[in-house]
Amino acid sequence: MALREERQEKKRNRGNGIWAWAAGLVMLLSKGKSVLLALLKFGKPLLSMAVTVGAYALIYPWTFALGFVALIFIHEMGHVWVAKRRGLPVTAPVFIPFVGALIMMKRTPKDAATEAAIALGGPALGSAGALVCYGIGHWTGQEVWFALAYVGFFLNLLNLLPIHPLDGGRIAAAVSRWLWAVGAAVGPFVVWYTRSLLFALIWLWFLWEMYRRFKQNRSGGKPHDAEGVYEAVADPALPSWYLSGEAHRRELPFTAYCRLDGQHTVEFWWEPLSFRGQLEIDLPCTVNRVYIRQIEGPDENGNVKLTVRMEGQRHEPANYYDVPARVRWRFGMMYGGLALALLYMMWLIQETGLAHPG
């Protein structure tokens, strides 16, 4: 009797398990779509974060590797938080082993002050994270926390150098562009001190960008293009040759404007198909032309797929760097004050002699 009851209990549990899996599947296919979308959205950042932790763990203790990547994440979240407050959409951070992490703005800031605020958010929050590590180190007495604090302070200080694309180069735009000359001058000394090939490449790229910017101010803006794919219903009355050929060009009339939310947009239309479309541009641009670059179809439903291309030149508003004096002073004081605070904290940790990952 006991054996029969045990078998019946296992059968009931197995049935309950099947129903539980079925219920979970139904939930994911109906109400759980948002969960799946969230996993797809954040899967790449989480995967890159895990890979980066693993890469650093090959060299340093895993506790240091995990804390180091967490500090980079906190730094990037500072950028994201300020960008969201300023109404600018950004991508999730993507980690690159032995390089760092980056976020991409889906729309350019409207002025240098906005760009500086977003840039300052990273070192500010990142320094706060390093300060928390310093406090935990004093509380626990574990050297790894002092090492994390020191590295965090150092990396945020390095990011404050007035060199594009580092945060300091973007902050300098709202303080004084003469700081870029300072960054160009001190770059070789930083390369010598850090022995970093990556920083050497960043400094050389910065010099090239400064040359190109100077040249473009004389000759015009940098070329820029954007593409979009659209679907339209083909008019059956049109002759077959009208839509033939995938690699042909067809100029389209267009109107370029900036929406109230700051998004630059090109609206175009194709009268024979009564089709109107919009192409969003990620930065201010003088549009020269809009044309169909490729046509696919029509399919069995009479739909054609259009690849529309915009070509133009980047446009930097003349008043982009017009920052009020009080705003310049405010950014200058925060910029200089944060740099001095980071230097002091690095000196303080060096005095303890505990800034070693191992």
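Only a predicted model underlies this, so the values are computations on that prediction, with no experimental measurement involved.

Definitions and limits used
- Sequence positions are assigned chain by chain, starting from 1 and proceeding in written order.
- For a predicted model such as this one, the threshold for reporting local features is a pLDDT of at least 70, and the threshold for listing and counting side-chain atom pairs is 80 or more; totals across whole chains, interfaces and linings nevertheless cover every residue.
- Heavy atoms throughout the structure, all of them, feed into the side-chain values; hydrogens and water do not.
- Secondary structure elements follow DSSP: runs of H or I no shorter than four residues count as helices, runs of E no shorter than two count as strands, and numbering proceeds from the N terminus.
- Only protein chains enter the calculation, and the probe is 1.4 Å; a residue is then buried if its accessible area is under 20% of its type maximum, exposed if over 50%, and partly exposed in between.
- Throughout, a contact is declared for two residues whenever any of their heavy atoms are within 4.5 Å.
- Only the protein chains shown count as covering a residue, and every accessible area follows the Shrake-Rupley method with a 1.4 Å probe.
- Aromatic rings from Phe, Tyr and Trp, with only the six-membered ring used for Trp, were paired whenever their centres fell within 6.5 Å, and each pair was classed as stacked if the ring planes differed by under 30 degrees, edge-to-face if by over 60, and tilted otherwise.
- Whether a charge sits over a ring comes down to the Lys NZ or Arg CZ being within 6 Å of the ring centre and within 35 degrees of the ring normal.
- Salt bridges, as used here, are contacts in which a Lys or Arg side-chain nitrogen is within 4 Å of a carboxyl oxygen on Asp or Glu.
- Think of it this way: DSSP has to see at least two bridges between two strands before they count as a pair.
- Every axis corresponds to a line fitted to the C-alpha atoms, with the helix fit spanning only the stretch in contact, and the corresponding angles, defined between N-to-C directions, vary from 0 to 180 degrees.
- Two helices crossing with the near one rotated counterclockwise from the far one by less than a right angle form a left-handed crossing, whereas a clockwise rotation gives a right-handed crossing.
- Each residue receives one of three labels: charged for Asp, Glu, Lys and Arg, nonpolar for Ala, Val, Leu, Ile, Met, Phe, Trp, Tyr, Cys and Pro, and polar for the others, Gly being one of them.
- pLDDT: the predictor's confidence for each residue, scored from 0 to 100.

(A) How the structure looks around the overall build of the protein. Along the protein, the regular secondary structure elements total 9 helices and 9 strands. Counting every position in the protein, which comprises 358 residues, the buried fraction comes to 37%. Partitioning the contacts of the protein with sequence separation of at least 6, the portion at a separation of at least 24 is 64%. Here the protein has roughly 21500 Å² of accessible surface; of this, 64% comes from carbon and sulfur atoms.

(B) A look at the packing of aromatic side chains. All chains considered together, the criterion is met by 9 aromatic pairs. Between the aromatic rings of Y134 and F146, the centroid separation amounts to 5.8 Å while the plane-to-plane angle is 85°, which identifies the pairing as edge-to-face. Residue Y134 is located in helix α4 (residues 112–140), and its partner F146 is located in helix α5 (residues 143–159); the two are separated by 12 residues in the primary sequence. Neither Y134 nor F146 differs from the other in exposure class; each is buried. Measuring from centroid to centroid gives 6.3 Å for F268 and F275, while their planes differ by 50°, and the two rings are tilted. Each member of the pair, F268 together with F275, is buried. Taking NZ or CZ as reference, R177 lies 4.1 Å from the ring centre of Y321, over its face. Between the NZ or CZ atom of R330 and the centre of the ring of F331, over which it lies, the distance is 5.9 Å.

(C) A look at the pattern of salt bridges. This model, assessed by the stated rule, comprises 8 salt bridges. A salt bridge links E227 to R293, with the nearest nitrogen and oxygen atoms 2.8 Å apart. Here R293 lies in strand β8 (residues 285–296) and E227 lies in strand β3 (residues 223–233), a separation of 66 residues in the sequence. Between E311 and R309 there is a salt bridge, and its shortest N-O distance comes to 3.2 Å.

(D) Focus on the sheet that holds strand β7 (residues 275–281). As summarised here, the arrangement of the 3 strands in space is β5-β6-β7, forming an open sheet in which the pairing is antiparallel. The sheet is open, and its two edges are formed by β5 (254–258) and β7, each paired on a single side. Strand-to-strand twist in this sheet, taken as the mean axis angle between neighbours without regard to direction, amounts to 20°. In this sheet, β7 lies alongside strand β6 (residues 264–270) in antiparallel orientation, the contact comprising 7 bridges. Residue pairing across strands places H264 opposite I281, the latter belonging to β7.

(E) Region of the structure containing the packing of helix α3 (residues 62–85) against α4. The N-to-C vectors of α3 and α4 enclose an angle of 145°; their axes lie 7 Å apart at closest approach. α3 and α4 meet at a crossing whose hand is right-handed. Along the contact surface, α3 presents L71, I74, H75, M77, G78, H79, V82 and A83, while α4 presents A117, I118, A119, G121, G122, P123, L125, G126, G129, A130 and C133. Of the residues belonging to the contact of α3 with α4, the class tally is 12 nonpolar, 7 polar and no charged.

(F) Examining the pairing of β6 more closely. Of all 7 residues in β6, 5 are buried, a share of seventy percent or more. Where β5 and β6 come together, 5 bridges link them in antiparallel fashion. For A256, the partnering residue across the bridge sits in β6 and is V266. Between β6 and the antiparallel strand that follows it, β7, lie 4 residues; S274 among them carries a positive phi value of about 50°.

(G) Here's a closer look at the environment of G297. Looking at the element boundaries, G297 is found in the loop between β8 and β9 (303–314). Sequence spacing of G297 and E231 is 66 residues, and the spatial spacing of their C-alpha atoms is 9.9 Å.

(H) Quick peek at the confidence of the model for the protein. Looking at the protein, the pLDDT average stands at 79 and 79% of residues meet or exceed 70. pLDDT under 50 marks residues 13–40. Its contacts with residues more than four places away, or in other chains, come to 3 contacts.

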